[in-house]
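Coordinates in review
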Amino acid sequence: MSEQSIDLRETVRERYAAAAVKVTEGGTACCGPQPVEVDENFGSTLYAADERDALPAEAVAASLGCGNPTAVAELREGERVLDLGSGGGIDVLLSARRVGPTGKAYGVDMTDEMLALALANAEKAGAANVEFLKGTIEAIPLPANTIDVVISNCVINLSVDKPAVFAESFRVLKPGGRMGVSDVVADDTLTPEQRAERGDYVGCIAGALSFAEYRKGLETAGFTDVEIIPTHPVADGMHSAIVRAVKPAGEIEAAGPSATAACCGVDACCTPDEQATDSSTTVAEAKAASGCGCQG
């Protein structure tokens, strides 16, 4: 990774860490947490009132996305869902409600402060079928072929290595699994320089792909049935969009290095059948000893 990419990733991390701290500190006020400041194209107002009301106020306040991926992913009872860049946990908690007790919702985030906030929100919500993992969306700490649906809310545009995000999403999905995300997408006529003129990287604008680039990236990773539907403008020539794609039913991905490294010492990691490879230790002990990102 280049020095510029490392700097961009750290800038993104710092911005979202500060947002989590603001929400957490706001939780001590008499009137509850104040929402993180975003314009009308982003944030919790993009969720239905009944969805917001069913969640902890801190999860709603920390919402920074540009859509509602849980509404477009058509989640079903019993499915396993992964949210890329899960933040304060709003989409994970909504997903957990949709898939029910026989399903499970995972969130992956690189920011300690957001992970701490998400865990606290899950506890307040009484959500037993959720798990938050520390990691990057370019190297997802889950085994291959274990997820039914990948969702994300205006986070992929923040990645400094989008081909890796698409490849990792494809890897963790089961054959026949699907991707349903909200993201910012640029008109094909806009150059990267023109996108940067319309907003900064951490504001979800400068790093956005064009419609053609997004489609090509997903298809290169192996996805089919790609559709990208703009929903509302977020800047001149920039749109919040629903992105859907499918992993072909006959496609089996081998477990990659990230899955092996993340769950060393545990067989069938992060699945209902997980067990420690050393019978003298527990799953939790094996994960802790290996530094596994999947600590639940």
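Here is a short report on the structure shown in this document. Predicted model, so just to flag it, every value in this text is computed and none were measured.

**A closer look at the packing of helix α7 (residues 162–172) against helix α9 (residues 211–221)**
Two elements in contact, α7 and α9, have axes separated by 9 Å at closest approach and are oriented at 45°. Here α7 lies oblique to α9, going by the angle between them. Crossing angle aside, the handedness with which α7 passes α9 is right-handed. Contacts from Phe166, Ala167 and Phe170 in α7 reach Tyr214, Gly217, Leu218 and Ala221 in α9. Residues of the contact of α7 with α9, tallied by class, amount to six nonpolar, one polar and no charged.

**Points about the pairing of strand β7 (residues 224–235)**
In this structure, β7 lies alongside strand β8 (residues 238–246), joined through eight bridges in antiparallel fashion. Pairing of Thr224 across the sheet is with Val246, part of β8. Here β7 folds back onto β8, and the loop between the two strands holds two residues, one of which, Gly237, carries a positive phi near 80°.

**A closer look at unusual backbone geometry**
A positive phi angle, near 60°, is found at Asn145, a position not held by glycine. Following the sequence through the fold, Asn145 ends up in the loop between β3 (130–134) and β4 (147–153). We classify Asn145 as partly exposed; its relative accessible area is 21%. The phi torsion at Cys154 lies on the positive side, around 60°, for a residue other than glycine. Within the element layout of this structure, Cys154 appears in the loop between β4 and α7.

**Quick notes on the packing of aromatic side chains**
Inspection of the entire model under this criterion finds two aromatic pairs. Centroid distance Phe170 to Phe223: 5.1 Å. Interplanar angle 90°. Geometry classified as edge-to-face. Of the two residues, Phe170 sits in helix α7 while Phe223 sits in the loop between α9 and β7, which places them 53 residues apart along the sequence. Residue Phe223 is classed as buried on the basis of its relative accessible area of 3%. The ring of Phe170 is capped by Lys247, whose NZ or CZ atom sits 4.9 Å from the centre of that ring.

**Remarks on helix α6 (residues 112–125)**
With 14 residues, α6 extends 20 Å from end C-alpha to end C-alpha; this agrees with the ideal 20 Å at 1.5 Å per step. If you check which residues of α6 are buried, you get Met114, Leu115, Leu117, Ala118, Asn121 and Ala122. Down the axis of α6, the buried side of the element spans an arc of 160°, and every buried residue falls inside it. Among the exposed residues of α6, those pointing more than 90 degrees away from its buried face are Glu123 and Lys124.

**Thoughts on the pairing of β4**
Remember that side chains alternate between the two faces of the sheet whenever the strand is regular. Within β4, seven of the seven residues are buried, which leaves the element mostly enclosed by the surrounding structure. In terms of strand pairing, strand β1 (residues 80–84) meets β4 through four bridges, oriented parallel. What sits directly across from Asp83, in β4, is Ile151. Two elements, β4 and strand β5 (residues 173–186), share six bridges in a ladder whose sense is parallel. Residue Val149 lies in a different strand from β5, and its bridge partner there is Arg178.

Calculation rules
Residues numbered from 1 in each chain as written. Predicted model: local features only at pLDDT ≥ 70, side-chain atom pairs only at ≥ 80, totals over all residues. Heavy atoms only, no water. Axes fitted to C-alpha atoms, helices over the stretch in contact; angles between N-to-C directions. Helix = DSSP H or I, 4+ residues; strand = E, 2+ residues; numbered from the N terminus. Parallel < 35°, antiparallel > 145°, perpendicular 65-115°, else oblique. Left-handed = near helix turned anticlockwise from the far one by under 90°. Contact = heavy atoms within 4.5 Å. Nonpolar A, V, L, I, M, F, W, Y, C, P; charged D, E, K, R; others polar. Pairing = 2+ DSSP bridges. Buried < 20%, exposed > 50% of the residue type's maximum accessible area, 1.4 Å probe, protein only. Phe/Tyr/Trp six-rings, centres within 6.5 Å; stacked < 30°, edge-to-face > 60°. Lys NZ or Arg CZ within 6 Å of the ring centre and 35° of its normal. Expected span 1.5 Å × (residues − 1). Arc of directions from axis to C-beta.

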